[in-house]
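What follows is each chain in one-letter form.
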Amino acid sequence: MIEAAQKILNEISYATIATVSDSGEPWNTPVFYAHEGATLYWSSHPNSVHSKNIATNSKAFIVIYNSNAQQGQGIGLYMQTTVRVLQDEQEIARALKLLGERRGEPFRHIEKFIGTGPQRIYEATPLQMWTNDARKDSDGDFIEDFRTPVTTGET
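Rules and cut-offs
- Residues numbered from 1 in each chain as written.
- Predicted model: local features only at pLDDT ≥ 70, side-chain atom pairs only at ≥ 80, totals over all residues.
- Heavy atoms only, no water.
- Helix = DSSP H or I, 4+ residues; strand = E, 2+ residues; numbered from the N terminus.
- Contact = heavy atoms within 4.5 Å.
- Salt bridge = Lys/Arg side-chain N within 4 Å of Asp/Glu carboxyl O.
- Buried < 20%, exposed > 50% of the residue type's maximum accessible area, 1.4 Å probe, protein only.
- Phe/Tyr/Trp six-rings, centres within 6.5 Å; stacked < 30°, edge-to-face > 60°.
- Lys NZ or Arg CZ within 6 Å of the ring centre and 35° of its normal.
- Core = buried A, V, L, I, M, F, W, Y, C linked by side-chain atoms within 4.5 Å.
- Arc of directions from axis to C-beta.

Novice: Honestly, the environment of Glu 25 in this entry has me stumped. Any pointers?
Specialist: Turning to its location among the elements, Glu 25 is positioned in the loop between β1 (14-20) and β2 (26-32). Setting aside anything within four residues of it in sequence, one finds Glu 25 in contact with Thr 19 and Val 20.

The following block contains the structure:
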């Protein structure tokens, strides 16, 4: 399962982040991400719904799903996380480097992510992770899906 989790993190560029508002309303949004180990980084406007939710509740549930994977390859990675906004310029620069490498084009202006800049860098640290896969019968029909725990030190 370690390999399946790492493969998903390396091959899929978008994660779906589920957050909850302070009044209990759920919100789900896709983001382009980069990772270092199992820690995810993305940029968002601080006034977006998920960013506002994170400001009041740092817990988020993240799903990275590979709809093209075959049975037995690990088709999804589920992560229960805590999220924080990066404030330190060195941490922001490191995350921007990872994000730039992932998208194939560097971020040129750190000023866009600090102070009065329009974006912030978010870091999600996993508390628990699972890979997801499915079982099919001999006819190829879906029978069930299942999750297998992955410890954060294993990816």
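Read on, since the account is not over.
Novice: Where do I start with the pattern of salt bridges in this structure?
Specialist: A side chain of one charge can pair with a side chain of the opposite charge if their charged atoms are brought near each other. In this structure the tally under the stated criterion is 5 salt bridges. A salt bridge links Glu 123 to Arg 84, with the nearest nitrogen and oxygen atoms 2.7 Å apart. Of the two residues, Glu 123 sits in strand β7 (residues 120-136) while Arg 84 sits in strand β6 (residues 76-85), which places them 39 residues apart along the sequence. Given a relative accessible area of 11%, Glu 123 falls into the buried group. Residue Arg 108 pairs with Glu 105 through a salt bridge whose shortest N-O separation is 3.3 Å. Take Arg 108: its relative accessible area is 57%, and that puts it in the exposed class. Salt bridges sharing partners connect three or more residues here, namely Arg 84, Glu 91 and Glu 123.

Novice: Just checking my understanding: could you explain the packing of aromatic side chains for this structure?
Specialist: The relative placement of two aromatic rings is captured by the distance of their centres and the angle of their planes. For the structure on display, the rule yields 5 aromatic pairs. Measuring from centroid to centroid gives 5.8 Å for Trp 42 and Tyr 122, while their planes differ by 10 degrees, and the two rings are stacked. Highlighted residues: Trp 42 in strand β4 (residues 39-44) and Tyr 122 in strand β7, separated in sequence by 80 residues. Like Trp 42, the residue Tyr 122 is buried in the burial classification. Plain terms: the ring middles of Phe 61 and Tyr 78 are 6.2 Å apart, the flat faces sit at 50 degrees to each other, and that makes the pair tilted. Separated by 17 residues along the polypeptide, Phe 61 in strand β5 (residues 59-65) and Tyr 78 in strand β6 bring together distant segments of the chain. Here the aromatic residues Phe 61, Tyr 78 and Trp 130 are joined through ring pairs into a cluster of three or more. Sitting above the plane of the Tyr 33 ring, Arg 102 keeps its charged end 4.7 Å from the centroid. A cation over an aromatic ring shows up here: Arg 103 above the ring of Phe 107, its NZ or CZ 3.8 Å from the ring centre.

Novice: Explain the nonpolar core here, please?
Specialist: Note that soluble globular proteins tend to have their nonpolar side chains buried in a common cluster. Membership of the largest hydrophobic core comes to 22 residues, with the highest contact counts inside it found for Leu 40, Trp 42, Ile 62, Ile 64, Leu 77 and Met 79. Apart from residues lying up to four places away in sequence, Leu 40 is in contact with Leu 9, Tyr 33, Ala 34, His 35, Ile 62, Ile 64, Met 79, Tyr 122, Glu 123 and Ala 124. Judged by nonpolar contacts, the second largest core, of 10 residues, contains Leu 86, Ile 92, Leu 98 and Ile 121.

Novice: Please clarify how helix α1 (residues 2-11) should be interpreted in this entry.
Specialist: Turning to α1, its buried residues number three or more, namely Ala 4, Ala 5, Ile 8 and Leu 9. For α1, the buried positions fall inside an angular range of 130 degrees around the axis, keeping them on one side.

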